[in-house]
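# Observations on the model geometry
In case you want the letters, here they are:
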Amino acid sequence: MRFACLGSGSQGNALLVEVQHTRILLDCGFSLAEVTRRLARLGVDPTDLSALVLTHEHDDHLGGMARLARRHRLPIWLTGGTFRGLEALFQPDLEVHMVRGFEAFAVGDILLEPYPVPHDAREPAQYVFTDGARRLGVLTDAGHVTAHMCRCLDRCDALVLECNHDAELLWSGSYPEPVKQRIAGRLGHLDNESAAALLRRVDRRRLQHVVAAHLSQTNNRPELARAALSVALECTPDWITVADQDLGTAWRHIV
Ligand SMILES: [Zn+2]
Ligand SMILES: [Zn+2]
């Protein structure tokens, strides 16, 4: 099992997960041309994809997903709530599958375990990807940490974890007050310390990779996210990978 981030942050998010010949793209917050270019950087052609999965309808995740699906005849998985706002975009020519009741489903060699998160979208879902033996947990776009979220992310071999902002940088920064309140609110985004608190609550014994994701370019710095997570993990800061907005990450192998 291996995974790579194509780019992460408020300008666009996408994550590629591969098990054998199954490749799933989680979110597509880039244009069709841009996502094609970023896939090529990882040695993947869009025709190599098995399915697209959408976490929620916000633009930084949705981007060119419908165009990518249409161009390459790729099926899309999403919750009913996410679909309801997008019916005009996902016309009947597209193969759309509903994630119902956050029940697990399989795409080829990958089993996906969706779970709900508190975020200001219609029915946001985040995912654990597993091949039966190894588990990759993904969590972005959550306003606060829930007990259910921690249960879902227990015993993962790799985690991609939102570190949206540093609380001090956000509150001392130039964003308008209502925007600050939305970001820091219970339906907004996780800050570095909340992500670190989540790491302290889950069973971390199998962790091989931790990727800090969805960093705000205004309200965070890679070294602040690394510092917060490394204290929780009792590791050196350079062990933590930070997913870059432009470069994403290279492939990470889960062994
Ligand atoms: Zn987002
Ligand atoms: Zn969002």
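Before reading on, note that the structure itself is shown above.
My aim in this report is to walk through the structure given alongside it, one point at a time. (Residues numbered from 1 in each chain as written. Chains lettered and ligands numbered in written order. Predicted model: local features only at pLDDT ≥ 70, side-chain atom pairs only at ≥ 80, totals over all residues. Heavy atoms only, no water.)

### Observations regarding the coordination of the zinc ion (ligand 2)
Binding of the zinc ion (ligand 2) to the protein goes through H56 (NE2), H58 (ND1), H119 (NE2) and D141 (OD), at separations of 2.1 to 2.6 Å. Around the zinc ion (ligand 2), the four donor atoms sit at angles spanning 90 to 169 degrees, and that spread fits a shape best called irregular. Between the zinc ion (ligand 2) and the zinc ion (ligand 1) the interatomic distance amounts to 3.6 Å, and D141 serves as a bridging ligand to the pair. A residue pair is termed long-range when its members are at least 10 positions apart, and H56 in the loop between β4 (51-53) and α2 (59-62) and D141 in the loop between β10 (135-139) and α5 (147-152) qualify at 85 residues. Accessibility assignment for this pair places H56 and D141 in one class, buried. (Donors = N, O, S within 2.8 Å, 3.2 Å for Na, K, Ca; no water. Tetrahedral: all angles 85-135°; square planar, octahedral: opposite > 155°, others 65-115°. Helix = DSSP H or I, 4+ residues; strand = E, 2+ residues; numbered from the N terminus. Buried < 20%, exposed > 50% of the residue type's maximum accessible area, 1.4 Å probe, protein only.)

### Quick word on the coordination of the zinc ion (ligand 1)
Taken together, the protein ligands of the zinc ion (ligand 1) are D60 (OD), H61 (NE2), D141 (OD) and H214 (NE2), with distances of 2.1 to 2.2 Å. For the zinc ion (ligand 1), the four donor atoms are set out with angles of 90 to 162 degrees between them, so the coordination reads as irregular.

### Overview of helix α8 (residues 192-201)
Of the positions making up α8, those classed as buried are N192, A195, A196, L198 and L199. All buried residues of α8 project into a common sector of 155 degrees when viewed along the axis, lining one side. Structurally, α8 contributes buried residues whose contacts are with β10, α5, β11 (158-162) and α9 (222-233). (Arc of directions from axis to C-beta. Contact = heavy atoms within 4.5 Å.)

### A closer look at the nonpolar core
Counting residues in hydrophobic clusters, the biggest one holds 30 residues, and the most contacted among them are L139, L153 and L229. When contributions to this core are tallied by element, the ones reaching two or more residues are α5, β11, α8, β12 (209-213) and α9. For this core, the element with the highest residue contribution is α9, accounting for five residues. Of all hydrophobic cores here, the second largest spans 28 residues; its members include L16, F30, L42 and L62. (Core = buried A, V, L, I, M, F, W, Y, C linked by side-chain atoms within 4.5 Å.)

### With respect to the packing of aromatic side chains
Evaluated as defined, the whole model comprises three aromatic pairs. Pairing F105 with Y127 gives two aromatic rings, centres 6.3 Å apart and planes at 85 degrees, and the pair type is edge-to-face. Residue F105 is found in strand β7 (residues 105-107), and its partner Y127 is found in strand β9 (residues 125-130); the two are separated by 22 residues along the sequence. Across the pair, Y127 and F105 agree in class, each one buried. Ring centres of Y127 and F129 lie 6.3 Å apart, and the angle between their planes is 40 degrees; on these two criteria the pair is classed as tilted. Each of the two residues, Y127 as well as F129, counts as buried. Linked through ring pairs, W77, F105, Y127 and F129 together constitute an aromatic cluster. Taking NZ or CZ as reference, R2 lies 3.7 Å from the ring centre of W251, over its face. (Phe/Tyr/Trp six-rings, centres within 6.5 Å; stacked < 30°, edge-to-face > 60°. Lys NZ or Arg CZ within 6 Å of the ring centre and 35° of its normal.)

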